[in-house]
Structures are given as C-alpha cells and as structure tokens.
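The lines below spell out each chain.
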Protein chains: 2
Amino acid sequence: MVIYEPTENISYLERTDIMVKLAPKIIIIGGVSAGPAAAARAARMNPEAAIVLYEKDRYVSYRPCNMPYFISGVIRNYEELIVFTPDRLQREKRVQVKIGRQVENIRPVQRRILVRDLASNSIYEDPYDRLILATGSKARQPFSQMTGCPNFFTLKTLSDALRLKDYIRSHRPQKAVILGASLVALEMVEALLQAGLQIVVLHRSDLPAPNFEETGRRLILEKMKEKNIAYHGNIRVSGFSRDSATGLVSSVETEQGLFSADVVLLAWGFEPNVDLAKTAGIRLGSTGGIIVDEQMRTSHDSIYACGDCIELKQQLTGRPVYLPLATHAIKTGRIAADNAAGMRAVYKGTVGTIGFQFFDLEAARTGLSTESASDAGFRPVSQTIRERSRSELMPAAEKMSVTLIADSRSGRLLGANIIGKAGAGLRIDLIAIALQQKMTVHDLGQADFLYSPRLAPLWDPVIVCANVLQKQLETGSK
Amino acid sequence: MVIYEPTENISYLERTDIMVKLAPKIIIIGGVSAGPAAAARAARMNPEAAIVLYEKDRYVSYRPCNMPYFISGVIRNYEELIVFTPDRLQREKRVQVKIGRQVENIRPVQRRILVRDLASNSIYEDPYDRLILATGSKARQPFSQMTGCPNFFTLKTLSDALRLKDYIRSHRPQKAVILGASLVALEMVEALLQAGLQIVVLHRSDLPAPNFEETGRRLILEKMKEKNIAYHGNIRVSGFSRDSATGLVSSVETEQGLFSADVVLLAWGFEPNVDLAKTAGIRLGSTGGIIVDEQMRTSHDSIYACGDCIELKQQLTGRPVYLPLATHAIKTGRIAADNAAGMRAVYKGTVGTIGFQFFDLEAARTGLSTESASDAGFRPVSQTIRERSRSELMPAAEKMSVTLIADSRSGRLLGANIIGKAGAGLRIDLIAIALQQKMTVHDLGQADFLYSPRLAPLWDPVIVCANVLQKQLETGSK
C-alpha cells in the first residue's frame, strides 16, 4: 500500500549545497506541534511539493500546554485544544495526513520508511525525497510495571489528557499524589485541586520548581502551604501498592512511608523520543536529543529533525540544551520545512525563556542559572530584590522578586528569574531581549522604561535589580 | 541674610576638565522631583559639600504623577504624595531646604543668586560654587485672564491639586469641562468621573491622545463613549463666560457654542519653566528647554540644569526633544549632581517611553511616531495588528493592539504603540530595550519570549507584529 509513487524523473534546481527537486516528496513523522508546523510550512513554501504527515495517535495538531486547563475544567471540550483536525490540515494546508500509522523504521539509503497501519496491522513502505523527524518527546517513566495501570497517569499526549479526564469524571477520585514538582507538575497541582481533588506532592529536591533560583522556589512552596497542598521534599519513590484484583494503585511507597492515592500522576519531565532516529543510526547528542545543524539537518543526508526530539543550542553558551517547548517546536519545524522544501533558513538557538502561573503567582526564567553559568566558564554573581510592581500608592501594587545573574568579569547579563503577582512574569521577555542582545547589567540599568503609577513604579523592579547588581559588580564584592 | 559664607580658601582637586573644590557649596533651585534628587545625590556623592535647596512653594519632594489618584480618592491623604518633607530631607539627606523662597535672579559672574523670602518679602543674596537649575515645568496657560478664577484649574503642583480637591469637597460641582486630551487630561477625565462629576472633553484634534497612532486614539475615544464622557474634537476655545459678582466661570465659549461648567480644568500640557535661566542669559533650545550637554552643564560656567526645565536628546535621532517625565527628571537630577559634586557622569538621552491607564485600557508608546521619524530623515513604514494577549483558550485573553514603526531601508525599529487590557502596556519596555539596542524588526521577530497559556500566547502580539512588518519590509510594499 504505497501511497505515493517515487517522484523520480523530475528536474532539479541547483542550490548552494544540495540538489533539490522542484517537486520533492516530503514526509514528516510526528503530528503534535513541530510536525504540523513543518508540514503546513513546506506546503506553503513549495507548492509543487507533495507533503505527507504520519502520526501514530488519532489526534494531530493540538496544544499540549493547554491540557492542564482542560483537566481543571477551564477549557470545557477537548476539541478546543485542537488547532487542525486531520481533515482540516488536509483541506486547508494541502497536507496528506496519515493518522493511526506507526513508522517502524527508516531506510536512509533507500530513502524509504516502513509504516505500520495500526488499524489493519499491515506494513508498507513509503519513499521520500526529504524526511522530517518530529517525533517529539515522551514522559519520563522509569516504572514500566505501571504501564496499563488504570489510575496511574503521565501527561504528554491528548490521549493521556482524555484518559485522565475520563477517569476523574467516572471515578470521582478524592486524593491525587503527584510525583515531581517541575512546571507541568505544578500546573497539574493547581488543575487537580480545581477539579476537586486533594493533592500530595512528592519531590526529590527539598524545594519545588527546579531550574528556578531559591527565592522563587520558596515562594512557590509558601503558595502550596497557603493552598493546603501537602508537599514532601527530599523523597524517593520506591514503588507502588496495587490492588491485585483491579490493578489499581492504592498508595505510593517511599522510604518515608506510604502515601495513599486514588490517582497517581507521574510528572518527572520529558525526554526526546528518538527510538526511530537511533535505530536509523542518526547521531544523538549529549542531552539525548537528535543533533541538528542551524538548518535542522541531522547527520543523515536528506533527513531533518525538529521539535521536542532535537537538542537546541543555548545562545549564551553555544552548548546543546534540551528544552521541549511549543515555541521552539514550531520555530524549528518551520526552519526544517523551509530547508527541506528547498529554501534556506537558519535557527540561531534559544536563550531558554520559560514560565508558568501557579495560582496568583507568575514565575518565569530565562538564560542561565548560576550553576549552568559556572559550568559554562562564566563567573556568575547574582542579586535578588523584592520591590513593588506598581507605584506603592496604588492598591494593586504588590511586591515581586527579580533575580539577575551576570558575569562578574564582563558585566554581561546571563540570566534572570522573576516571580510575582499579575504582570510580573511577562517582564521576563525584556530580559530575553537583553540576553539576545548580549547586554550588560549596566546597559539594562539605563533602560528607558514606562512609568505610570497604576502600570509600573518609578523604577521598575528589573531596573532596581540591575542597579543593585551593577553596584555589586563595581565594588567587586560577592 | 546670607546663609552660607562663601567657601573660599579651600583646596582644589584637579580633574580632567574643571577645577572642583573639595567642599563646594551647591545650590539647587526647584524642589519637586529633579531638585531633591540632585540635592540628595550631591550630598551623598560629596560628603564635604554644602547643599542648599530652594523652593518657592511650601512643598518639596512629591510625586506629581500620582496627583490624579489623589483627586479621584484612590489616595486619601495628600501627605502620601510626599516623598520627603523639608524636615526629613534636611535630617536624612543632609540638604538645607529653603521653602517659600523665590529665586529672582542669577548673577553668573559673581556666582550668586538673588532670593526673595516670600514670608517676609525680604531679598538676600546667596553665593554658590555650583548651581543646579531644577525649575521644572509649568502648565501651558494662554488664558491669563483666568488667573485667580476660583473654579478654573490647571494641575502641575501639589498646591494645584490641593486647591482642586478642596474645591470639589466644598462646592460639590456637577460638571467638569476638561480642555485637552493628552496623558494628564485623560488621567483627570477618569479621576473626576470617579470623584462623581460629569465630564465634557474639548480638544483641538479630532481624536484624543496626541502622540499616539490612530488605532490607539480610536480605542481611547471608544472607551470615552462607553463611559458616557462627552468628547468634542476639532474645537477651539475662544473664551470663558464668568459671573461678574463671584468671578466664577460658568461656561466655556467655542465656535461650536457654549459648554456649561461647574469647574474647568485646563490640561494643555507643560512647558519648561525657564524664566530664571533666560534672564541669566543661559542658552535655550528649539524646544524651549535649557540646552545641556551629556553632563547636564548649561552654556554657563558652573551652572547645571536637570529635570523638566531642560530639553533631552532623543536617542534615535540625536535631536532635542522636550519630555517632562519624573523618570528623566530624577535621572538627569542625579547626573547633574554627580558632575556638580566633582564626579563625572553622563546621560545618553531618552527613547521616549510614556504610557498611562485609562479605565481598563493600558496605552503606551516609545520611540518615534511615523511623523517624527519622517522628519528625522527615516523612511518609516508601520504595521498595526490586533491579537490576543494570552492563549485564546484562556478566559483572560483579550485582544490588544501593537503598532511597530521601522525604517524601510535598514529595517531598524523606530517606535511602537501598544494599547490593550491588563498586561498589555508593560510590553512597551521590551521595545524600549530594542530601540536602545538599535534592533531591527527581524531581530525582534526572532526573540525568545515566554509562552504560558495564562500569561502569554504562543506568539506574543509584539512578535506577530514584528513578523508582519518584516514581511512588508521584504516585499517592499507599503
């Protein structure tokens, strides 16, 4: 069941480095974020190209970042999470969408993939001129014994979200144990609390929100206490007690005792889904992600990769970093498509801006942590200040925390953490710009920011922090 | 009544360009924002210096930008507007504060000022080593006949605010006519509405909020309609009808008829208060403000100027601009003080970031308008987009407008307008950074911004606008 005939005997357009067919057939594997972005872009950039998108699940083109709000009930229908149905992607973007098909193997020399149709369980080959891997990430799940357990969940795909939502609706669980306290775990803490559950969080570190500096982590812990969420830090999960008849998990086992649970959500972060690439001999990096160049080309001729399955370049260090985020997935998807379709486009890397809301707290970070800055050979110094987000005479003025990290030799800004109430988090974007521009702390302190009592204080907390850090840099004290 | 003996016979510290006394006497004229900032800074930077601050009014060191919120009732006591009382400035900052003293003349050759004690009406001379002019701005008031009219107001000083507040409290006026529709006028529209008055706005242009691009001006006009505020554009004030017995204004006369009023607020903006500088022969610029160099030195030896009485350098054009804002006042006050006290500090100019809140709308701008960009020799093109401020699936997602202006030849970003609901306005700060860094539209479009459904959409409206404008620049269409 080969869908496409090999598109041979077609004239070639010579380019700087590669020979590109005027009408290549481009196959994209993976349908969540990077894949549909790449597919739609390739179809637009090269109207002569044939574009085929493979996805093993039944859903394509949806917004995983919004899934916690579907669990909480803020988003009522799962259809709202979907950007393009297979049908719309096909009609509106000129992409052949093949759902329920698992790509089992890549044959790079023959330029063919081996596909299993999961419905019929039949296998067929499909040839390509260019292949784009957008196989995404998968939830870290070291407890293989829990696969198939009805009340044990991870949250990566829309199918995962639907299963969890269904379980909550039909079984009305009282108590959730959440394993992990990173970004998605914290969003799910709030979502499950809003869905009516009691929450216990078990985390390996003493504080929640790894990747954030201590000030912010403490504020998030305080917020958990305020919301009656039981947080247990420095804890190791050793196993799970399960009902032998139903297979349901009844409690989480740790060296500090048992934690009873009606549902368990494992949220230990994500890792690149690279089984297919690995088997095909495509080079993987130190982070586990596929190595790509600035044009998203892998180590294999005519094979590109994008999205959560690749490692990115951290702009500040030039080093590889694994950062599965929708923005990067879509950006790199488009870059991969441009190049696969015969254009030339490059991706310069990420400064690493992430953030989330946790109840009324906004938390965001960008750039390097003190630790990663040290690792990269910088001599980081940092300052944390707590200042009001608006004129202190305004009722909405609330204190927010800003941490800035800089290199003590050059004064170059390396990273920031911002935690506070409404309006605090988005200030991270101006630090992202400052990092992209290689600004010094001194330059940031000179910035000409908005002052209007209800919107911002005379000196923005970011400016205050920059000036305090600048003084520290000048006096040379740590 | 010379307070300070001339500080002669004191050793000198040679510096690059000037001879600075180790213990100079520094006189500062003007006590609102720049003056106290300069005084406190000079006292701190040179502990040997004698610092004297003159102010003709009885209040020093307060926050004029917060006065509308005192009028509206959000701020209950005028004392909250005061940062330092004369007494506290004296005790805590080591500044001799002389209130109720009008400086009548400067004698640059003799390095003396002529002071009138308004209480005793006596005149005396006071010598200085360094003089800092911080005489601020005054409300534009071409209707000299209205001076002393009990229900005719401008809003510049704390005394103005107290007089207006007092009048509202004691006379319970029903109807306010506000002349003008710029930033302070609009803040006062909201404040007086909140204080219980009906509002009529008379403005010379067809739209409110001059200095903003048309999209934002229309949104502000819509908001006025929504709030039942009568706005009359394209209107000229020809005079005022007054009660011959009481002197009270009863209506505003225009060619479109009479507008009855219980109070009239004239809010036609501010102009530099430079009478003293002019008389002393200090050079004024094309904007009417005092010309200063990067160290805040005027054309006269040993005389510095700062705050609302000077003109600033617009960083994007290098041209003078008049922009009376508290942030610039305090920054330039500190720079003037540093240099007067024997240090060396420079001010590189402003990109011109301003903004305000109008009911639930946040409006902010930075950089050049299309018009001012053309005047400065750029070839401006602009784009305006309206996009949601958060993931469209989130209840708080509301559309906001972003206008970006760039030079069509270089792609350099020249200015921006942002109008929207909560969280929109502060995005102007990242454009301010982009302007400071001379970024191109392309670079801005590549920025690595926060995405988190409740905080920001996948593609921030600023990114969307940059990318639309970039496409326009590439295709060369207008």
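That block above? That's the structure.
The sections below set out a description of the structure shown in this document. Predicted model, so just to flag it, every value in this text is computed and none were measured. (Residues numbered from 1 in each chain as written. Chains lettered and ligands numbered in written order. Predicted model: local features only at pLDDT ≥ 70, side-chain atom pairs only at ≥ 80, totals over all residues. Heavy atoms only, no water.)

## Comments concerning a positive patch on the surface
Now for step 1: On the surface, Arg44, Lys93 and Arg334 of chain A together with Lys471 of chain B cluster together into a positively charged patch.
Now for step 2: Inspection of the secondary structure puts Lys471 of chain B in helix H12 (residues 461–475). (Patch = residues over 30% accessible without salt bridge, like charges linked within 9 Å, V, L, I, M, F, W, Y side chains within 5 Å. Areas by Shrake-Rupley, 256 points an atom, 1.4 Å probe, with all protein chains shown as cover. Salt bridge = Lys/Arg side-chain N within 4 Å of Asp/Glu carboxyl O. Lys, Arg positive; Asp, Glu negative; His and termini not counted. Charge placed at Lys NZ, Arg CZ, Asp CG, Glu CD. Helix = DSSP H or I, 4+ residues; strand = E, 2+ residues; numbered from the N terminus.)

## Focus: the sheet that holds strand E8 (residues 122–127) of chain B
Strand pairing in a sheet relies on backbone hydrogen bonds. The paired strands run either parallel or antiparallel.
Residue and element names in this part refer to chain B.
Now for step 1: Ordered by their spatial adjacency, three strands build an open sheet running E6-E7-E8, and the pairing between neighbours is antiparallel. Looking at which strands have only one partner, the edges of the open sheet turn out to be strand E6 (101–107) and E8. The average undirected angle you get between the axes of adjacent strands in this sheet is 25 degrees.
Now for step 2: For strand E7 (residues 112–117) and E8, the ladder comprises six bridges, and the chain directions are antiparallel. Bridge assignment links Val115 to a residue of E8, and that residue is Tyr124. (Pairing = 2+ DSSP bridges. Axes fitted to C-alpha atoms, helices over the stretch in contact; angles between N-to-C directions.)

## A short note on the packing of aromatic side chains
For any pair of aromatic rings, the description rests on two quantities: the centre-to-centre distance and the angle between the ring planes.
All names here are of chain A.
Now for step 1: Inspection of every chain in the model, using the stated rule, returns 16 aromatic pairs over all chains.
Now for step 2: Chaining the aromatic ring pairs together yields one cluster made of Phe143, Phe152, Phe240 and Trp268.
Now for step 3: Across from the ring centre of Phe270, 4.7 Å away, lies the NZ or CZ of Lys156, which sits over that ring. (Phe/Tyr/Trp six-rings, centres within 6.5 Å; stacked < 30°, edge-to-face > 60°. Lys NZ or Arg CZ within 6 Å of the ring centre and 35° of its normal.)

## Some words on the packing of helix H1 (residues 34–45) of chain B against helix H8 (residues 326–340) of chain B
Residue and element names in this part refer to chain B.
Now for step 1: The N-to-C vectors of H1 and H8 enclose an angle of 35 degrees; their axes lie 7 Å apart at closest approach. The element H1 and its partner H8 pack so that their crossing is right-handed. Taking contact as the criterion, the partners of Ala34, Ala37, Ala38, Arg41, Ala42 and Met45 in H1 are, on H8, Ala329, Ile330, Gly333, Arg334, Ala337 and Asp338. (Left-handed = near helix turned anticlockwise from the far one by under 90°. Contact = heavy atoms within 4.5 Å.)

## Observations concerning the pairing of strand E23 (residues 354–358) of chain B
Residues and elements named next belong to chain B.
Now for step 1: Counting buried positions over the five residues of E23 gives five, a clear majority of the element.
Now for step 2: Burial along E23 is two-sided: Ile354, Phe356 and Phe358 and Gly355 and Gln357, pointing in opposite directions, are all buried.
Now for step 3: As paired strands, E23 and strand E24 (residues 361–367) are joined by five bridges and run antiparallel to one another. Bridging across to E24, Phe358 finds its partner in Leu361. (Buried < 20%, exposed > 50% of the residue type's maximum accessible area, 1.4 Å probe, protein only.)

## As for the relation of the copies chain A and chain B
Now for step 1: Overlaying chain A on chain B yields an RMSD of 0.0 Å, the required transformation being a rotation through 180 degrees with an accompanying axial translation of 0.0 Å. Both copies of the chain, as the preceding transformation shows, are related through a two-fold rotation axis. Judged by C-alpha distance, Leu430 of chain A is the residue of chain A that lies nearest the rotation axis, at 2.2 Å.
Now for step 2: The residues that chain A uses at the interface reappear at the interface of chain B in 98% of cases, marking a shared surface. (Least-squares fit on C-alpha atoms with pLDDT ≥ 70 in both.)

## What to know about the state of the cysteines
Residues and elements named next belong to chain B.
Now for step 1: Applying the stated rule across the entire model yields zero disulfides over all chains.
Now for step 2: Between Cys65, a free cysteine, and Cys306, which holds the nearest cysteine sulfur, the sulfur-to-sulfur gap is 16 Å.
Now for step 3: What makes Cys65 partly exposed here is its relative accessible area of 25%. (Disulfide = S-S within 2.5 Å.)

## A closer look at the interface of chain A and chain B
Now for step 1: At the junction of the two partners, chain A supplies 62 residues and chain B supplies 62 residues.
Now for step 2: Overall, the association of chain A and chain B removes approximately 5300 Å² of surface from exposure, summing both partners, and the carbon and sulfur fraction of that is 59%.
Now for step 3: Its largest share of buried area at the contact with chain B, chain A owes to Leu393, Asp448 and Arg454 of chain A, together 15% of the area lost on that side.
Now for step 4: A salt bridge links Arg454 of chain A to Glu190 of chain B, with the nearest nitrogen and oxygen atoms 2.8 Å apart.
Now for step 5: Scanning the region where chain A abuts chain B turns up 30 residue pairs in polar contact (both at pLDDT 80 or more).
Now for step 6: Of all the secondary-structure elements, those providing two or more residues to the side of chain A that touches chain B are helix H5 (183–194), helix H8 (326–340), strand E23 (354–358), strand E24 (361–367), helix H10 (428–436) and helix H11 (441–445) of chain A.
Now for step 7: Of the residues assigned to the side of chain A that touches chain B, the class counts are 32 nonpolar, 15 polar and 15 charged. (Buried area = accessible area lost by both parts, 1.4 Å probe. Polar contact = N/O pair within 3.5 Å; in protein donor to acceptor, adjacent residues only side chain to side chain. Nonpolar A, V, L, I, M, F, W, Y, C, P; charged D, E, K, R; others polar.)

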